[in-house]
Amino acid sequence: MTMTPEHPRINAELQIDGIRGTEEDKATVVVRCIRGPVRLGARFHRIRDTAVPIDLELTEILLYERPVDELDPAHTALVTLRGTGTPLLVSGNKAHGWKIIQGENTSS
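In short, a report on the structure.

Cut-offs used in this document
Residues numbered from 1 in each chain as written. Predicted model: local features only at pLDDT ≥ 70, side-chain atom pairs only at ≥ 80, totals over all residues. Heavy atoms only, no water. Core = buried A, V, L, I, M, F, W, Y, C linked by side-chain atoms within 4.5 Å. Buried < 20%, exposed > 50% of the residue type's maximum accessible area, 1.4 Å probe, protein only. Helix = DSSP H or I, 4+ residues; strand = E, 2+ residues; numbered from the N terminus. Pairing = 2+ DSSP bridges. Salt bridge = Lys/Arg side-chain N within 4 Å of Asp/Glu carboxyl O.

Some remarks on the nonpolar core
Ranked by size, the top nonpolar core spans 22 residues in total, and within it Phe-44, Leu-81, Leu-89 and Ile-101 carry the most contacts. Secondary structure elements with two or more residues in this core: strand S1 (12-22), strand S2 (26-35), strand S4 (43-47), strand S5 (53-63) and strand S8 (76-84). In terms of residue count, S5 provides more of this core than any other element does, 5 residues in total.

Written out as structure tokens, the structure reads:
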């Protein structure tokens, strides 16, 4: 009997509106929360509509230039993501489609 791996639950989604800077394992990105709230420590494992895996942790959220612990849906913030897959993050737009990263909040 073949077992298929269970996909992690998706309760956190961020739409990438702009890339401010990327390094090998760190990205500073302007995002809009579309499913959440998304909390510090959330882990993102995929870019929606792609098969390429990522492993990024949300390590900082700046809302109106102030650090916060979570981002509610419909709000936009500057965030820092660390881990594997930062070079795959690209800005989306209405004409070519928004890029959305999906993952889950860590347990408190």
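A few points about the pairing of S2
The two faces of the sheet receive side chains in turn, since in a regular strand these alternate between them. The pairing of S1 with S2 spans 8 bridges and is antiparallel. In the strand pairing of S2, Glu-13 is matched with Arg-35. Taking the residues that link successive antiparallel strands as the turn, the S1-S2 hairpin has 3 residues. Pairing analysis gives 7 bridges linking S2 to S8, with the strands arranged antiparallel.

Description of the pattern of salt bridges
If charged atoms from side chains of opposite charge come close, those side chains can pair. Following the criterion strictly, the structure yields 4 salt bridges and no others. The salt bridge partner of Glu-13 is Arg-35, with a shortest N-O separation of 3.8 Å. Separated by 22 residues along the polypeptide, Glu-13 in strand S1 and Arg-35 in strand S2 bring together distant segments of the chain. Residue classification places Glu-13 among the buried residues on the basis of a relative accessible area of 5%. With a shortest N-O distance of 4.0 Å, Glu-13 and Arg-48 are connected by a salt bridge. With Glu-13 in strand S1 and Arg-48 in the loop between S4 and S5, this residue pair connects regions lying 35 residues apart in the sequence. Among the ionic contacts, a cluster of salt bridges with common partners joins Glu-13, Arg-35 and Arg-48.

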